[in-house]
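# Fold and geometry: a report
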Amino acid sequence: MALPKSAKTLIIGAGIHGLSTAYHLALNLKARGKGDGRDILIIDKTAIAAGASGIACGVVRNNYFQPAMRELMAQCVEVWESDMEAYSYHPVGYMQISPESMHADVGTIAKQQKEIGYESTFIEGEKDSMDYMKDLFHDWQAQGITSVLHEKKGGYSNNTKAMYGLAGKAEAEGVRIMTGVEVTGFDRDNGSEAVRAVKTSKGDIQCDQLVVAPGPWAKQMWDMLGLQKTVSIKGADGKMHDDIPMWIYWSLQEGTLGVDPEMQKTNDGKMPPVIHVDSDAPLYSDHDGSLITDEMWGIYYKPDFHFNGIQGGAAPFAIDTPPDDVAVDPYGVDSPDFVVGEDFAHMWVSALAHCQKRFEGQMVHYNSEPSGGIGSFTPDSFPVFDRFVDNVYMIADSNHGYKMIGVGKLVAQELCGETSALLEPFRFSRYAEGKLHPVSSSPFPWS
Ligand SMILES: Cc1cc2nc3c(=O)[nH]c(=O)nc-3n(C[C@H](O)[C@H](O)[C@H](O)COP(=O)(O)OP(=O)(O)OC[C@H]3O[C@@H](n4cnc5c(N)ncnc54)[C@H](O)[C@@H]3O)c2cc1C
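Just so we're clear, the structure is a prediction, and the values are computed from it rather than from any experiment.

### So, the overall build of the protein chain
Helices and strands together make up the secondary structure of the protein chain, namely 9 helices and 23 strands. Scaling as 2.2 N^0.38, a compact globule of 447 residues should have a C-alpha radius of gyration of about 22 Å, and the protein chain matches this with 22 Å. With the C-alpha coordinates aligned to their principal axes, the bounding extent of the protein chain is approximately 65 × 50 × 45 Å. Residues counted as buried form 48% of the 447 residues belonging to the protein chain.

Okay, here's the thing in C-alpha cells:
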C-alpha cells in the first residue's frame, strides 16, 4: 500500500492503545454518522505488537489502591470480556496475597470493589489466609501472609494473539495499519501549534487529529512535540516541587519456568487465578539455602501455554541512567541492556518455591531465553491521558497498560467530543494542581 498523503485521524503506535483507539473510534464514527474506519490510519515503525504490548505478561486485574485506577480497570475488564476469543482472554481471576504491612491498604481495595460491584472475596488473618490458599493449592506454604484478596474477574490475555485479534477487528471496520513507517518529526501550524503533518521515514502525512500511543517511546514523542522536559508538582505538603523529570525508565523483570503449565492446576483440576504475592518474610535460595533478601519482595505468576510454562515476574527496578541516555531501541528481548539475568531467575524461582512446594528443585527448568523489557514512567507512575498542542491526544500509560484495553474506547469517545469522567483523573494538569493519586505500601510502582 502506498503511503497515504493524509488521514483525518492518524494514530502513531500499533500496540494495545493505538489499536483499541482505532477500533473503537471506527465504531463511534459509524454510529454517529460521522465517518468510519476508513478515516483512520495507524502507523508503526516496526510492526503490530512490536512494543511493550507484544512482550507483556498480559495480566488483567482490578487490584489497585487508587480509586480512579480501580474504576477504570473495571471498565477495561468489561471490554476484555466483550470478545474473549479475539482478545485471547482467560478470565481465571486474580489474587493479591499480602503481609500485615499491606493488610489495611488491601482492605480498602476490597471494600471499594464491593462498592463498585466488582466481585471479590477478602480473607483476613494468618490462619484463614493459609486455609484459603491450601483449599486452592494443597502445597501452599508461604508464611507471614495475613490477607488474601481474590478477584473473581480479571485474569490474563495472550499478548500477540490479542494484538492481532484487535488489529483484525479494526481492519474489518476499514482502519488501515501501515508498519515500517517511522515518525521522525512534526510539521506545526505557526499560529495554533497544532500538528498539521507528521514527518515519517516514508514521507509526510497530513492529519486533522493525531493520537500518540507510544508505550516505552513516550519520552521520544514528548520531546519531538517540544513538550516540557520537567514538571512542577504540588505535593501533599501543599508546596510546589520543581524540576521533576517528566519521564524516567524502569526495567521490568519477567521470565518463564519451562515446566508443563498443567502443573499449576488447582486442587479441583482447574486453571488457577493469576497469583501475586507480596511478602516481608525472609526469602531463601531454593538452590543453596542462602538468604536472598530480608526486605519486602513481590512476585506474580500464572501457567501460560503461550509462553509454554509458568510465566511471571518480580518487582521492577528504576534505571538510574539519565533518561536522555537510555537506549529504548532495540526494544524488549533484543535489548543488550535490559533483559533479565540470573539474579532474577534465582530470586523469582526461589520465591515460587517459597510459596508452593511443587516449585522446589525446579530452577533447572528456568527458560534462559531473553525476557523482560523497559517501560517509561511519569513522575507519579500513573498514566497521562490528555490533549496537547491543540490536536494531539497522548495516551501515555506509564506502563500500566496492557490491561487497559478500555482506555482506547474512552479516548475514542473523547475524540468524538464526549468527555470521559473515568479519564479525568489522568490529566496532565494534576501535577500543577496537586490532584495526585494516593500511594500504596506495595513494593511495585504501579499498585
Ligand atoms: C515486560 C513487561 C511486562 C508487562 N506486563 C504487563 C501486564 O502483565 N499487564 C499490564 O497491564 N501491563 C503490562 N505491561 C505494561 C504494558 O505492556 C504497556 O503499558 C502497554 O503495552 C503499552 O501499550 P502501548 O500501546 O502504549 O505501547 P506499545 O505496545 O509499546 O506500542 C507502541 C508502538 O509505537 C511504535 N513506535 C514507537 N516509536 C515510533 C515512531 N517513532 N514511529 C512509529 N512508531 C513508533 C512502536 O514500534 C510500538 O509498536 C508490561 C510491560 C513490560 C515491558
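### Some remarks on the site of the ligand
Lining the immediate surroundings of the ligand are 38 residues, of which Gly13, Gly15, Gly51, Ser53 and Gly215 lie closest. Looking at the shell around the ligand, the elements that each hand over two or more residues are α1 (16-31), β2 (40-44), β15 (248-257) and β21 (373-377). Of the residues contributing to the shell around the ligand, the split by class is 17 nonpolar, 15 polar and 6 charged.

### Quick look at helix α8 (residues 407-415)
For α8, the set of buried residues is Val407, Gly408, Lys409, Leu410, Val411 and Ala412. Check the buried side of α8 and you find it contacts α1, α2 (67-82), β22 (384-388) and β23 (392-396).

### A word on the packing of α1 against helix α5 (residues 159-172)
Across the interface, α1 lies against α5 with an axial gap of 9 Å and an inter-helix angle of 30°. What the angle tells us is that α1 and α5 run roughly parallel. Handedness of the α1/α5 crossing: left-handed. Between α1 and α5, the residues in contact are Ile16, Leu19, Ser20, Ala22, Tyr23 and Ala26 and Met163, Leu166, Ala167, Lys169 and Ala170, respectively. When the residues that make up the contact of α1 with α5 are grouped by side-chain class, the tally is 9 nonpolar, 1 polar and 1 charged.

### What about the nonpolar core?
Among the nonpolar cores identified, the biggest contains 124 residues, and Leu19, Ala22, Val212, Trp348, Leu352 and Ile395 are the most heavily contacted of them. Of all the elements, helix α7 (residues 342-355) adds the most residues to this core, at 9 residues.

### Structural notes on the sheet that holds strand β8 (residues 155-157)
Note on sheets: strands pair through backbone hydrogen bonds, and any given pair is parallel or antiparallel. Overall, antiparallel pairing links the 3 strands, which are arranged β3-β8-β4 in an open sheet. Every other strand in the sheet has two partners, leaving β3 (59-60) and β4 (89-90) as the edge strands with one partner each. Here β3 runs beside β8; their pairing, made up of 2 bridges, is antiparallel. Across the sheet, the residue bridging to valine 59 is tyrosine 156, located in β8.

### Comments concerning the packing of α1 against α8
The N-to-C vectors of α1 and α8 enclose an angle of 50°; their axes lie 7 Å apart at closest approach. For the element pair α1 / α8, the angle class is oblique. Here α1 and α8 pass one another in a crossing that is right-handed. Along its contact with α1, which presents His17, Ser20, Thr21, Tyr23, His24, Leu25 and Asn28, the element α8 presents Val407, Gly408, Lys409, Val411, Ala412, Gln413 and Leu415. A class-by-class count of the residues in the contact of α1 with α8 yields 6 nonpolar, 7 polar and 1 charged.

### Some points on the environment of histidine 17
Along the chain, histidine 17 falls in helix α1. Separated by 379 residues in sequence, histidine 17 and alanine 396 place their C-alpha atoms 9.0 Å apart. Among all residues touching histidine 17, those that are not within four sequence positions of it are Ala213, Ile395, Asp397, Gly401, Val407 and Gly408.

### What to know about the environment of leucine 225
Tracing the sequence through the fold places leucine 225 in the loop between α6 (218-224) and β13 (230-234). Residues leucine 225 and valine 195 lie 30 residues apart in sequence; the distance between their C-alpha atoms is 8.8 Å. For leucine 225, the contacting residues outside a window of four places in its chain are Phe186, Phe388, Val389 and Val392.

### Considering the sheet that holds strand β19 (residues 297-304)
What the 8 strands build is an open sheet, ordered β6-β7-β5-β16-β19-β20-β15-β21; its pairing is mixed. Of all strands in the sheet, those with a lone pairing partner are β6 (120-124) and β21, marking the two edges. Within this sheet the neighbouring strands show an average axis-to-axis angle of 20°, counted without direction. In the sheet, β19 pairs with strand β20 (residues 309-318) via 6 bridges, with the strands oriented antiparallel. Within the sheet, the bridge partner assigned to aspartate 304 lies in β20 and is glycine 309. Sheet strands in contact with α7 are β15, β16 (274-279), β19 and β20, and its direction is about 60° off that of β15.

### A short note on the environment of isoleucine 205
Note that isoleucine 205 resides in strand β12 (residues 203-212). It is 53 Å that separates the C-alpha atoms of isoleucine 205 and alanine 353, two residues lying 148 residues apart in sequence.

### Things to note about unusual backbone geometry
In this chain, aspartate 329 is followed by proline 330 through a cis amide linkage whose omega measures -10°. Along the chain, proline 330 turns up in the loop between β20 and α7. One non-glycine residue, valine 389, lies in the positive phi region at around 30°. Relative to the elements of secondary structure, valine 389 occurs in the loop between β22 and β23. On the basis of neighbour counts, which here come to 17 C-beta atoms within 10 Å, the residue valine 389 falls in the partly exposed class.

How each quantity is defined
Residues numbered from 1 in each chain as written. Predicted model: local features only at pLDDT ≥ 70, side-chain atom pairs only at ≥ 80, totals over all residues. Helix = DSSP H or I, 4+ residues; strand = E, 2+ residues; numbered from the N terminus. Rg over C-alpha atoms; globule rule 2.2 N^0.38 Å. Buried ≥ 20, exposed ≤ 12 C-beta atoms within 10 Å, placed from the backbone. Near = placed C-beta within 6 Å. Nonpolar A, V, L, I, M, F, W, Y, C, P; charged D, E, K, R; others polar. Contact = placed C-beta atoms within 7 Å. Axes fitted to C-alpha atoms, helices over the stretch in contact; angles between N-to-C directions. Parallel < 35°, antiparallel > 145°, perpendicular 65-115°, else oblique. Left-handed = near helix turned anticlockwise from the far one by under 90°. Core = buried A, V, L, I, M, F, W, Y, C linked by C-beta atoms within 7 Å. Pairing = 2+ DSSP bridges.

That is the geometry; function is a separate question.
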